[in-house]
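Below, each chain spelled out in residue letters.
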Amino acid sequence: MPDPHPIRVAVPADIERLQDIERAAGVAFADVGMPQIAADEPLPADVLARFVSDGRAWVWTGAEDAGDQQAAGYILVETIDGAAHIAQVSVDPVWAHRGIGRQLIDHVADWAAAGGMAAVTLTTFRSVPWSAPYYTRIGFRVIQMGWPTPGLFW
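A brief look at the structure comes next. (Residues numbered from 1 in each chain as written. Predicted model: local features only at pLDDT ≥ 70, side-chain atom pairs only at ≥ 80, totals over all residues. Heavy atoms only, no water.)

Here we look at the side chain of Ser 90
Move 1: Tracing the sequence through the fold places Ser 90 in strand β4 (residues 83-91).
Move 2: In this structure Ser 90 comes out as buried when scored by relative accessible area, which is 7%.
Move 3: Among the polar contacts listed, one links the side chain of Ser 90 to the side chain of Gln 88, at a separation of 2.7 Å. (Helix = DSSP H or I, 4+ residues; strand = E, 2+ residues; numbered from the N terminus. Buried < 20%, exposed > 50% of the residue type's maximum accessible area, 1.4 Å probe, protein only. Polar contact = N/O pair within 3.5 Å; in protein donor to acceptor, adjacent residues only side chain to side chain.)

Quick look at helix α4 (residues 100-114)
Move 1: In this model α4 runs 21 Å from its N-terminal to its C-terminal C-alpha over 15 residues, within 8% of the 21 Å that 1.5 Å per residue would give.
Move 2: Taken residue by residue, α4 has Ile 100, Gly 101, Leu 104, Ile 105, Val 108 and Ala 112 as its buried positions. One side of α4 carries all its buried residues, which in axial view fall inside an arc of 135 degrees. Seen from the open side of α4, the exposed residues pointing more than 90 degrees away from its buried face are Asp 110, Ala 113 and Ala 114.
Move 3: Considering only its buried residues, α4 is in contact with β1 (7-9), β2 (57-61), β3 (71-80), β4, β5 (120-122) and α5 (132-137).
Move 4: Downstream of α4 by a residue or two, Gly 116 has a phi angle that is positive, lying close to 75 degrees. (Expected span 1.5 Å × (residues − 1). Arc of directions from axis to C-beta. Contact = heavy atoms within 4.5 Å.)

Structure representation (C-alpha cells):
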C-alpha cells in the first residue's frame, strides 16, 4: 500500500506554505524564553526559491487524498564540507508529534547516502527541550568546533 503521506520535492507553489509552517512552528520558542526566535520572520521567498530550484527542499504532505498535496512539514538541505547539512526542518504544529520531522530527516539521510555524502549535519539550540535532546535521541551527536565540518563554523 503506498504511503498516504508522501515526501516529495518542493515546488515553487509551496514557498508561501513553507513560510507559514516556519511561522507557526516558531511560536513555540516564546514558551521557552526565546521570544526573539518566535518573532523571527521565515526565510525570504527568494532564499526558499533557491532551495526549491536546486532540488534541496522536500515536503511531507498531510493529505490522505492524493489530490491535495499541501505541505505539513518541510526540510531544506545545503552541502557543507561534503556533508548534507539540514538548514531548516519545520513541521506545522497541527501535525506535531507524529514522526514527520524524523521521516524528513531519514529522507535526507537516504538522499545523502545515495549521493556519497559521509554525514548529515545540523545546528540547533542545546537548551530547547524539543531540539538538541531529540536530535541526540535519533542519532546526531555534538561535534567539536571545526571538526569534521569547519564550514559550519564561521
